[in-house]
Amino acid sequence: MRKLTVDLGERSYPILIGQGISEQITRHLSDRGILPSSPLLIVTDDNVASFHLQKLKAALEAGGYRTCDFIVSAGETSKSLAMLEEIIRVALEAGLDRNSVIVALGGGVVGDLAGFAAASYMRGIRFVQVPTTILAHDSSVGGKVAVNHRLAKNVIGAFHQPELVLYDTALLQTLPPRDVRAGFAEVIKEGLILDKEYVEWFSDHLDALLALDPPTLEKALFEACRIKAEVVSQDERENGLREILNLGHTIGHALEAVAGYGTLLHGEAISIGMVGAAQLSEEFGRSQSITDTTRDLLKRIGCPVTIPRELDTDAIMEALMHDKKFREGKLTFILPLDIGRVEINKQVTKEQVRRIVDGLKQEE
Ligand SMILES: NC(=O)c1ccc[n+]([C@@H]2O[C@H](COP(=O)([O-])OP(=O)(O)OC[C@H]3O[C@@H](n4cnc5c(N)ncnc54)[C@H](O)[C@@H]3O)[C@@H](O)[C@H]2O)c1
Ligand SMILES: [Zn+2]
């Protein structure tokens, strides 16, 4: 098992990563002062529940914890106020009190939803992340929790750090291949922004990674969480540095919105977005080799690197203009300076982006 600490003063917490570690969940909870005295609520989705819920419940109950659970439908639409209200109902009915804990067993959807429920129930109770996707290396660390509004994603939320992240690689073995590949796009993003050596290691171990070989996966998730934790420790509330984690996300979010949520997976959209960011960087004089390395690696992971033809360029541009990063005619983009190094560039013009978006469609 590997251990990291997210360093946030009194809100610091450990990330534990390893094969089979959720079997010892009760020991890890009691190490964090979470005791069986109050009932505990597990929030999960129907896919994850079918594979992993009973075992986790059994481990908790064997340790004397009283558990109840709430299972949402898998997918982004469950990140809603309606689901939040349901969780609060279940929590009240089960008698959760201020010492209770909510356990998020699932990917980013469950983590964001359950985390926001914990942030709001009785003005905030503790919560624990048990991530079950690769993408969740990102969502489970850093305390951003939210649900969606009909008009926009993640706009009803809070910063609420978990007490513990328990990342059991055994739980990831049941992931569908497409989610594996999309998750790795977000993992490689961490390397592209801050760690060239990690990108090289990742590239050298790609076959083992795609096969979800446990020790290789453990190392990959550890390094990705380490990079995320470092950034979050320095800028918990995204006043500056944390923005760099958005590499590929400006174009990516626009593509997700135009394609319709769920058509392109989040990791797939940012895969395309990262290639776009590298090409934009060329407009500022950086080497084409950054684009080539980025594109080749994402292609080998099995992620898309071009924009599907049917997505309308005007609609993509429109979605980009709605992005909160648009100010005074210029867009803010995270651009690679090299592999493992990025800048926050506030000088990108609409025309430059349009050229890149058009180009990414032609390449298909
Ligand atoms: N809070 C943050 O900082 C942050 C960061 C990045 C992304 N996010 C959010 O994360 C969400 C995306 O996360 P995601 O990609 O993990 O999506 P997800 O939670 O929807 O999981 C993807 C799919 O995999 C299934 N699944 C999950 N674990 C599984 C397992 N072990 N075996 C089989 N199937 C499994 C799920 O049921 C779902 O169908 C988005 O809502 C995004 O906004 C949040
Ligand atoms: Zn992301």
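Every chain's residues receive numbers from 1 upward, in the order its sequence appears when written. Chain letters start at A and ligand numbers start at 1, both assigned in the order the entries are written. Given that this is a predicted model, residues contribute local features only at a pLDDT of at least 70 and side-chain atom pairs are listed and counted only at 80 or more, while totals for whole chains, interfaces and linings are drawn from all residues. Only hydrogens and water are removed before side-chain values are computed, so all heavy atoms of the structure are retained for them.

S.K.: Would you mind showing me how to read the nonpolar core here?
M.R.: For soluble globular proteins, the rule of thumb is that nonpolar side chains tend to be buried together. The set of buried Ala, Val, Leu, Ile, Met, Phe, Trp, Tyr and Cys residues whose side-chain atoms join them within 4.5 Å is what this entry labels a nonpolar core. Whether a residue is buried, partly exposed or exposed follows from its accessible area with a 1.4 Å probe, protein chains only, as a fraction of its type maximum: under 20%, in between, or over 50%, in that order. In this structure, Ile 134 and Phe 202 are the most contacted members of the largest nonpolar core, which totals 98 residues. By definition, any uninterrupted DSSP run of H or I lasting at least four residues is a helix, any uninterrupted run of E lasting at least two residues is a strand, and each is numbered from the N terminus. No other element matches helix H9 (residues 214-234), which puts 10 residues into this core. Mapping this core onto the domain boundaries places at least three of its residues in each of domain 1 (2-174) and domain 2 (185-362). Residues in contact with Ile 134, not counting those within four places in the same chain, are Tyr 167, Leu 172, Leu 175, Val 180, Gly 183, Phe 184, Val 187, Leu 212, Leu 217 and Leu 221. By size, the runner-up hydrophobic cluster in this structure holds 24 residues, among which are Leu 84, Ala 114, Ala 118 and Ile 125. In this entry, domain limits derive from an automatic or database-based domain assignment. Two residues form a contact once any of their heavy atoms are found within 4.5 Å.

S.K.: Any chance you could explain the domain arrangement of the protein here in plain terms?
M.R.: Quoted interface sizes are often the accessible area lost when the parts come together. Once the domains are mapped, the protein shows domain 1 (2-174) and domain 2 (185-362). Computed from C-alpha atoms alone, the centre-to-centre distance between domain 1 and domain 2 is 27 Å. When two components associate, each loses some accessible surface as probed by a 1.4 Å sphere; the sum of these losses over both components is called the buried area. Interface area for domain 1 against domain 2, summed over the two sides, is near 2,500 Å², with a carbon-plus-sulfur share of 65%. Its largest share of buried area at the contact with domain 2, domain 1 owes to Arg 2, His 137 and Phe 159, together 25% of the area lost on that side. We count a salt bridge whenever a side-chain nitrogen from Lys or Arg sits within 4 Å of a carboxyl oxygen from Asp or Glu. If you look at where domain 1 meets domain 2, you find five salt bridges.

S.K.: How should I be thinking about the environment of Gly 18 in this particular structure?
M.R.: Tracing the backbone shows Gly 18 in strand S2 (residues 13-18). Those residues within four positions of Gly 18 in sequence are excluded, and the remaining contacts are Met 1, Tyr 167, Asp 168, Thr 169 and Glu 218.

S.K.: I tried to follow the pattern of salt bridges on my own but got confused; where do I start?
M.R.: Working definition: two side chains of opposite charge can pair if their charged atoms are close together. Following the criterion strictly, the structure yields 24 salt bridges and no others. As a salt-bridge pair, Lys 189 and Asp 138 come within 3.4 Å of each other at their nearest N and O atoms. Here Lys 189, found in helix H6 (residues 177-194), pairs with Asp 138, found in helix H5 (residues 136-139); they are 51 residues apart in sequence, far enough to count as distant. Taken as a pair, Lys 189 and Asp 138 share a single burial class, namely buried. The partner of Arg 226 in a salt bridge is Asp 195, and the shortest N-O contact between them spans 2.7 Å. In this pair, Arg 226 sits in helix H9 while Asp 195 sits in the loop between H6 and helix H7 (196-204), placing the two residues 31 residues apart along the sequence.

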